[in-house]
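Chain and residue survey
Now for the letters of each chain:
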Amino acid sequence: MEKVGILIEVKADQIKKANYGVITAARGRDRQLYAFLLDGGRADHKLTLGRYGIHKIIEIAGQEGPLEWNPATWAQAVIEAMEYFGIRTLLGLTSSQGKDLLPRIAARLDAPLVMDCIHLNLAEHTVRKPQYSGKTIATLKVQGGHCIYGVRPNAIAAQPAPCEAETVIYRTAPAPAGLTVKAIKQAMSAGVDLSEAEIIIAGGRGMENGENFKILFECAALMGAAVGASRAAVDADWVPYAMQVGQTGVTVSPKVYIACGISGSVQHFAGMKTAGLIVAINQDLTAAIIGKCDYAIVADLFEIVPRLTRKLQALDGRI
Amino acid sequence: MQIYVCVKHVPDTAAKITVKAPNQIEEAITFIMNPYDENAIEEAVRIKKRRGDAEVIAVTLGKPAAENTLRSALAMGADRGILILTEDPPDSLVTARALTVAIEQDGTPDIIFTGKESIDNAGFQTMYRLAAALDMTVVSNVAAFALEGKRVVVECQMEGGARGVIELSLPCVIGAGKGLNKPSYPTLPAIMQARRKEVKRIALDSLRIEKPSARADILELKPAVEARRAQQLKGSAEEVVRQLIRILREEARVIE
Amino acid sequence: MNPKYDAIIIGAGVIGSPIAYELAQMGYQTLNIDKLAGPGAGSTAASCAIVRAHYSTEDGVAMAYEGFKYWLDWENYLGHVKDEKGLAKFMNTGSILLKSQGHDWRKVKKHYDAVGVKYEEWDNQKINAMVPVYDLHEYWPVKRPEDPAFFHEPTQMLAGALFCPEGGYVNDPELSVHNIMRATETKGGQFIFNATVVEVRSQDKQVLGVTLQDGTRIDAPVVVNAAGPHSFKINQMAAGVWEGCNIKTKALRHEVMHCPSPEGYDYLNKGYHTSDGDVGIYYRPEVGNMFLIGSEDPECDPQEWVDPDEFYAGQGGLGRDNQLTEAQWKAQCYRLARRIPTLPIPNQPKGVCDLYDCSDDWIPIYDKSDLKGFYMAIGTSGNQYKNAPVVGAMMAELIDACEKGLDHDQQPLQFKLRNIGRSFNVGFFSRKRAINYASSFSVNG
């Protein structure tokens, strides 16, 4: 029986949906799935994780309670848990947190690591991932005593496979990390996280100014969507860099990407081309995005987006 | 103090990528310095300007053409460069070992900067491996950096625009994010000066690095297929929005 | 029955559209056919859209000066049409022609005097008062950065400039063509897009119409080749046309760079369009406080003649496709950096790469052809954007006159420039001409 560990991410006591795709990718014959949680055990995830095939939930905690967020101690604690349970394969998300934990773990174990996987074959030790800003797909083979994989959020569809999950508490006292987390500064507008959103509505040069992004936020709130932006909008200082989707911004894979007034440069596509469905709203018929999306709406976004918002409000019973 | 900055020579983001051999791309395209490495160089040079006693050394591993990117780093203010030459760029494990050995042979790093990721292979890991090999602390995706004595305070970009304020001490490895600074580009006089700065060339083989037992090899590269067939939604604004709602609900199933 | 028009114009760029506009106003039922998705989406969109008067021939200067008057009065030219996308704007920055060995500025000055172009003579002190960032040393001859001599320290100074207060650029060339399309539509003209012409049909030396890739046949007694970089391919489709031209056209690859302005210098709002033959480039402001740097095609630079279809498909390979090259990025930015030593030069090339429809002597062909009913407005060689409205009027008059029996080859049409009131021998642009050695053989025309 091969044991596979999955580093689960939790937000506001909820398992982030994107984890289920990772669990789906990890499943296989004669494989036992271990979910590593470091959320302090505030909620019971037995049912939700069991539904996707997790056998053991390992609640990693300190000797006297939850481990406060610290990427170095968390990484160390996961390594200790892997050793303790005899786990040599670890999967996680290529999210902000995953990008800080998985490479720390891989580096400490001197293990190969592939981030941003969109397809995994654990039996063969092969994975596929986009390279060169999504212009090519690479197939990699990894070899090593331990193997670590980061999965691109939402790139692998989640499929339930119910089983009975058991919770085990693993206590550890990781050595001092050499770095101290002093504070976490929350963003001004705490919306849905871009890299995990199922729907993203993004604005570009066609938004004309920062003020106009308001209409995207209004629309997004009704769909549970995150709001993104093109580099043009960020360079113009209309919205903060954290909202930038693209080559030098966030890479996203939502189910639906609605691009408003975005011309669709190669660099922008690099960040969103794996979206399930791309809808482009652009007045300019010759904009690159019009030929490279699934649905094109050649019209004024200031006509379309507020109408969409009103329709969604009506569906929501607010009108 | 010595500040090392690891930079990478990568295809321009706008370049057309063609797969040549099974796991190689056509390299007769425009290459640039990895964009995040520009932020790394910029921050190192700012420290040097503030303190006066720092030396900034740019390090890269690659083919001879990677010297162009080293020269760019020198023009942006680095003092000298180290070019680890190889015709066959290795995986992250070997790359990190090579950088580690080259840096250790060269001097005593107080800070090592890298970009938070390279835009070609997007491995996200070299800075962590360097830190592990050199037994240093490491933070990445850094959006703010302050140095006071031996104490470093950084802000790391987290999800949803949040930032973690983290304190660590020298020596350390820092993965620079885009928000860290706005790189100031070199003028022609600076570029001309950079042509005369020292670049040490070392063959990868001559570093005699310890071969890792683990590895990650690229078996195959394939062009990504762009299979989208755009369909235009037509009609009045009202009709178009109605169609869009239907698509969101029935096709994508993202709204109820 | 095939659909029938009075005139088909192949191409809906900045040359094809004004021709249709003028013909439509004369009562012709016109159809523009373009292989791209919208008007001006091809090489027009990549045009630097510079409006300046200096040309190497007097007629060239006259035509450019006439063109300037159109851009100045854009709304009026368009018949005050409403365009939902807004109107393109002419940015009158004024235009500096540095006196250098790279330009025959004495000849230009003579032409200015003859045509009546307004200009001032600036000495170096005046230039520096107006543009403090320019270093006015002489760097001639033009070199590439690969040449060690590029970095030699200069010893001589330039000797001032000719400054035209009337000149600048159009801020959105693609939009300007959209404007013309909307104006043409009000006169009954039609446009179809995403339609590729594969055949020019003719019988008994008279053009009959065209056939599209999807098999559609469209008839017209008049067909105009305004296909830009594809012009030579269209000419080859029409019986006897290509063979009947003494001057041929070819597609030339050309890179234009965008480099940020030095910190603290508001080039966008305070800068001038400048022709700098001393270092072989021209520059004008671009959105984002950038310098847009075009090349004046110095002899030391490579010329890549390409197949336009391969080029646009990105299949030519390094230096032959539609992507910027590092070598040319450095060449053009470094050249500007000699003039502006404080210029910051990013590591990543930024700009556009597109094609010139280049003629053998860099002077256009505005003419009839050896096939009756088939006309050409081609070989614009990267320097005719500014003239496009004039070309529209001139071509319409030429077509109408020839269709009514004028033998243009024997008795060339005399065209009167509407705004500056000067007459002009259209035979100057004849396909049958010998190569015009008065030309600069560059984008300067």
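Here we summarise the structure given alongside this text. (Residues numbered from 1 in each chain as written. Chains lettered and ligands numbered in written order. Predicted model: local features only at pLDDT ≥ 70, side-chain atom pairs only at ≥ 80, totals over all residues. Heavy atoms only, no water.)

**Quick notes on the overall build of chain C**
Threshold: Helix and strand definitions follow DSSP, with helices as H or I runs of at least four residues and strands as E runs of at least two, each counted in order from the N terminus. We compute the radius of gyration from the C-alpha atoms alone; for a globule the expected value is 2.2 Å times N to the 0.38, where N is the number of residues. Throughout this description, buried means an accessible area under 20% of the type-specific maximum (1.4 Å probe, protein chains only), exposed means over 50%, and partly exposed covers the range between. Accessible areas in this description were obtained via Shrake-Rupley with a 1.4 Å probe; residue shielding takes into account the shown protein chains only. Charge counting treats Lys and Arg as positive and Asp and Glu as negative, with His and both chain ends excluded. By convention, charge coordinates are those of NZ in Lys, CZ in Arg, CG in Asp, or CD in Glu.
Scanning chain C from N- to C-terminus turns up eleven helices and 22 strands. Its C-alpha atoms give chain C a radius of gyration of 21 Å, within 12% of the compact-globule value 22 Å for 445 residues. Going through the 445 residues of chain C one by one, you find that 61% of them count as buried. When the accessible surface of chain C is split by element, carbon and sulfur atoms take 49% of a total near 16,400 Å². Of the side chains in chain C, 43 bear a positive and 56 a negative charge, and the two mean positions are spaced by 2 Å.

**Comments concerning the interface of chain B and chain A**
Selection criterion: Residues count as neighbours in contact if any of their non-hydrogen atoms are within 4.5 Å of one another. Buried area is calculated as the accessible area (1.4 Å probe) missing from two parts once they are joined, with the contributions of both summed. The salt bridge criterion pairs a side-chain nitrogen of Lys or Arg with a carboxyl oxygen of Asp or Glu, the two atoms within 4 Å. Counted as a polar contact is a pair of N or O atoms within 3.5 Å, where, for protein atoms, one must be capable of donating a hydrogen and the other of accepting one, and residues adjacent in sequence contribute only when both atoms are in side chains.
The interface of chain B with chain A comprises 76 residues on the first partner and 85 residues on the second. The three residues of chain B that bury the most area against chain A are Tyr128, Glu159 and Arg228 of chain B, which together make up 11% of that side's buried surface. Put simply, chain B and chain A have eight salt bridges between them. A salt bridge links lysine 185 of chain A to glutamate 155 of chain B; its shortest N-O distance comes to 2.6 Å. Linking chain B to chain A there are 38 residue pairs in polar contact (both at pLDDT 80 or more). In terms of residue count, the dominant contributor to the side of chain B that touches chain A is helix α6 (residues 237–251) of chain B (eleven residues).

**Some details on the packing of helix α2 (residues 58–72) of chain C against helix α11 (residues 388–403) of chain C**
Residues and elements named next belong to chain C. Which entries qualify depends on this criterion: Convention adopted: a line fitted to C-alpha atoms gives each axis, helices being fitted over their contacting stretch, and angles between N-to-C directions are expressed from 0 to 180 degrees. Each angle gets one of four labels, with under 35 degrees taken as roughly parallel, over 145 as roughly antiparallel, 65 to 115 as roughly perpendicular, and the rest as oblique. Only Asp, Glu, Lys and Arg are considered charged, only Ala, Val, Leu, Ile, Met, Phe, Trp, Tyr, Cys and Pro nonpolar, and every remaining residue, Gly among them, polar.
As a packed pair, α2 and α11 sit with axes 7 Å apart at the nearest point and diverge in direction by 105 degrees. By the criterion of interaxial angle, the relationship of α2 to α11 is roughly perpendicular. Each of Met63, Glu66, Gly67, Tyr70 and Trp71 in α2 lies in contact with α11, whose residues at this interface are Pro389, Val390, Val391, Ala393 and Met394. Residue composition of the contact of α2 with α11, grouped by class: eight nonpolar, one polar and one charged.

**Description of the sheet that holds strand β12 (residues 217–219) of chain C**
Residue and element names in this part refer to chain C. Condition: The pairing criterion is simple: DSSP has to find at least two bridges between the two strands.
Judged by pairing direction, the sheet is antiparallel, and its three strands sit side by side in the order β10-β11-β12 without closing on themselves. Of all strands in the sheet, those with a lone pairing partner are β10 (197–203) and β12, marking the two edges. For this sheet, the mean angle separating the axes of adjacent strands, direction not counted, is 25 degrees. Examined bridge by bridge, strand β11 (residues 206–212) and β12 share three bridges and lie antiparallel to one another.

**Details of the state of the cysteines**
Note on terminology: disulfide describes a covalent bond linking the sulfur atoms of two cysteines. What counts, and what does not: Any pair of cysteine sulfurs within 2.5 Å is marked as a disulfide.
The final tally for this structure, using the stated rule, is zero disulfides over all chains. Among the cysteines around cysteine 293 of chain A, which has no disulfide bond, cysteine 260 of chain A carries the closest sulfur, lying 12 Å off. When its relative accessible area of 0% is taken as the criterion, cysteine 293 of chain A is described as buried. A disulfide-free cysteine, cysteine 245 of chain C has its sulfur positioned 14 Å from the sulfur of cysteine 402 of chain C, the nearest such atom. Classification of cysteine 245 of chain C by relative accessible area gives buried; the value is 4%.

**Topic: the interface of chain A and chain C**
Listed per partner, the contact involves six residues of chain A and seven residues of chain C. Around 480 Å² of area is buried between chain A and chain C when both sides are counted, 44% of it from carbon and sulfur atoms. Summed over the three residues of chain A that lose the most area to chain C, namely Gln283, Leu285 and Thr286 of chain A, the buried surface amounts to 65% of that side. Put simply, chain A and chain C have one salt bridge between them. For the pair chain A and chain C, the number of links is two residue pairs in polar contact (both at pLDDT 80 or more). When its residues are assigned to classes, the side of chain A that touches chain C shows one nonpolar, three polar and two charged.

**Considering the sheet that holds strand β8 (residues 119–121) of chain A**
An order of β8(A)-β9(A)-β10(A)-β12(B) is seen for the four strands of this open sheet, with the pairing classed as antiparallel. The open sheet has two edge strands with one neighbour each: β8 of chain A together with β12 (215–223) of chain B. Here the average twist between neighbouring strands, direction ignored, is 25 degrees. Two elements, strand β9 (residues 126–131) of chain A and strand β10 (residues 136–143) of chain A, share six bridges in a ladder whose sense is antiparallel. Its bridge partner lying in β10 of chain A, proline 130 of chain A is registered against isoleucine 137 of chain A.

**Points about the pairing of strand β17 (residues 277–281) of chain A**
Residues and elements named next belong to chain A. The condition that has to hold: By definition, the crossover connecting two strands over a helix is right-handed if that path, from the first strand to the second, turns clockwise as seen with the strands pointing away from the viewer.
Most of β17 is tucked away: five of the five residues are buried. Of the two faces of β17, the one lined by Leu277, Val279 and Ile281 and the one lined by Ile278 and Ala280 are each fully buried. Summarising the sheet, strand β16 (residues 256–260) and β17 pair through five bridges and their orientation is parallel. By the bridge assignment for β17, tyrosine 257 is matched with isoleucine 278. Crossover connection from β16 via helix α7 (residues 266–272) to parallel β17: handedness right-handed. In this structure, β17 lies alongside strand β18 (residues 295–297), joined through three bridges in parallel fashion. Along β18, the bridge assignment pairs valine 279 with tyrosine 295.

**Focus: the packing of helix α3 (residues 71–85) of chain A against helix α4 (residues 96–109) of chain A**
The relative placement of two packed helices is expressed as an angle between their axes plus a distance between the axes. Residue and element names in this part refer to chain A. Formally: By convention, the crossing between two helices is left-handed when the near helix turns anticlockwise from the far helix through less than a right angle, and right-handed when the turn is clockwise.
The contact between α3 and α4 brings their axes to 9 Å, and the two run at 55 degrees. Between α3 and α4, the angle is such that the two are oblique. Seen along the crossing, α3 lies across α4 with a hand that is right-handed. Two secondary-structure elements touch here, α3 through Pro71, Ala72, Trp74, Ala75, Val78, Ile79, Met82 and Glu83 and α4 through Gln97, Asp100, Leu101, Arg104, Ile105, Arg108 and Leu109. Classifying every residue of the contact of α3 with α4 gives ten nonpolar, one polar and four charged.

**A few points about the pattern of salt bridges**
All told, the structure shown has 63 salt bridges over all chains when counted by the stated rule. Between aspartate 106 of chain B and arginine 80 of chain B there is a salt bridge whose closest N-O contact spans 2.8 Å. In this pair, aspartate 106 of chain B is assigned in helix α3 (residues 92–106) and arginine 80 of chain B in strand β5 (residues 80–85), connecting sequence segments 26 residues apart. One exposure class covers both aspartate 106 of chain B and arginine 80 of chain B, and it is buried. A salt bridge links arginine 335 of chain C to aspartate 301 of chain C; the shortest N-O distance between them is 2.8 Å. Of the two residues, arginine 335 of chain C is situated in helix α10 (residues 326–339) and aspartate 301 of chain C in the loop between β17 (290–295) and α9 (308–312); the sequence distance between them amounts to 34 residues. Of the two residues, arginine 335 of chain C and aspartate 301 of chain C, neither departs from the other in class, the shared state being buried. Each of Asp367, Lys368, Asp370, Asp409, Arg431 and Lys432 of chain C takes part in a single network of salt bridges with overlapping partners.

**As for the nonpolar core**
Note the cut-off: Here, nonpolar core means buried Ala, Val, Leu, Ile, Met, Phe, Trp, Tyr and Cys residues that are tied together by side-chain atoms lying within 4.5 Å of each other.
Ile3, Ile41, Ile111, Phe113, Phe145 and Val154 of chain B are the most contacted members of the largest nonpolar core, which has 83 residues in total. Those residues in contact with isoleucine 111 of chain B that lie beyond four places of it in its chain are Met1, Gln2, Ile3, Tyr4, Ile47, Phe145, Leu147, Leu170, Cys172 and Ile174 of chain B. Counting residues in hydrophobic clusters, the runner-up holds 66 residues, among them Val51, Val224, Ala388 and Val391 of chain C.

**Some thoughts on helix α6 (residues 173–186) of chain C**
Residue and element names in this part refer to chain C. Condition: By this rule, a helix spans an expected 1.5 Å times one less than how many residues it contains.
If you check α6, its first and last C-alpha atoms are 21 Å apart, about what 14 residues at 1.5 Å a residue would give, namely 20 Å. Along α6, the residues that are buried comprise Pro173, Leu175, Ser176, Val177, His178, Asn179, Ile180, Met181, Ala183 and Thr184. Structurally, α6 contributes buried residues whose contacts are with α1 (16–25), β2 (30–33), α2, α3 (74–77), β8 (168–170) and β9 (190–192).

**Topic: helix α4 (residues 126–134) of chain B**
Residues and elements named next belong to chain B. Taking burial as the measure, the nine residues of α4 include seven buried ones, the bulk of the element. Along α4, the residues classified as buried are Met127, Tyr128, Arg129, Leu130, Ala131, Ala132 and Leu134. Positive phi shows up at aspartate 135, right after α4, with a value of about 55 degrees.

**Structural notes on the side chain of arginine 201 of chain C**
Residues and elements named next belong to chain C. By the element assignment, arginine 201 lies in strand β10. You can call arginine 201 buried: its relative accessible area is 9%. A polar contact is formed between the side chain of arginine 201 and the backbone oxygen of valine 210, at a distance of 3.0 Å. Once you skip the residues sitting within four places of it in the chain, arginine 201 turns out to touch Asn2, Val207, Leu208, Gly209, Val210, Thr211, Arg217, Ile218 and Asp219.

**Here we look at the packing of aromatic side chains**
Put simply, the rule reads: Any two rings among Phe, Tyr and Trp, with Trp reduced to its six-membered ring, count as a pair given centres within 6.5 Å; such a pair is stacked if its planes are under 30 degrees apart, edge-to-face if over 60, and tilted if neither. To sit over a ring, a charge needs its Lys NZ or Arg CZ within 6 Å of the ring centre and within 35 degrees of the ring normal.
For the coordinates displayed, the defined rule picks out 31 aromatic pairs over all chains. One aromatic cluster is present, built from ring pairs that chain together Tyr21, Tyr70, Trp71, Trp74, Tyr77 and Tyr385 of chain C. In this structure, arginine 195 of chain B packs its charged tip against the face of phenylalanine 151 of chain C, placed 4.0 Å from the ring centre. Across the ring face of tryptophan 305 of chain C, the terminal group of lysine 250 of chain C is positioned such that the distance to the ring centre comes to 4.2 Å.

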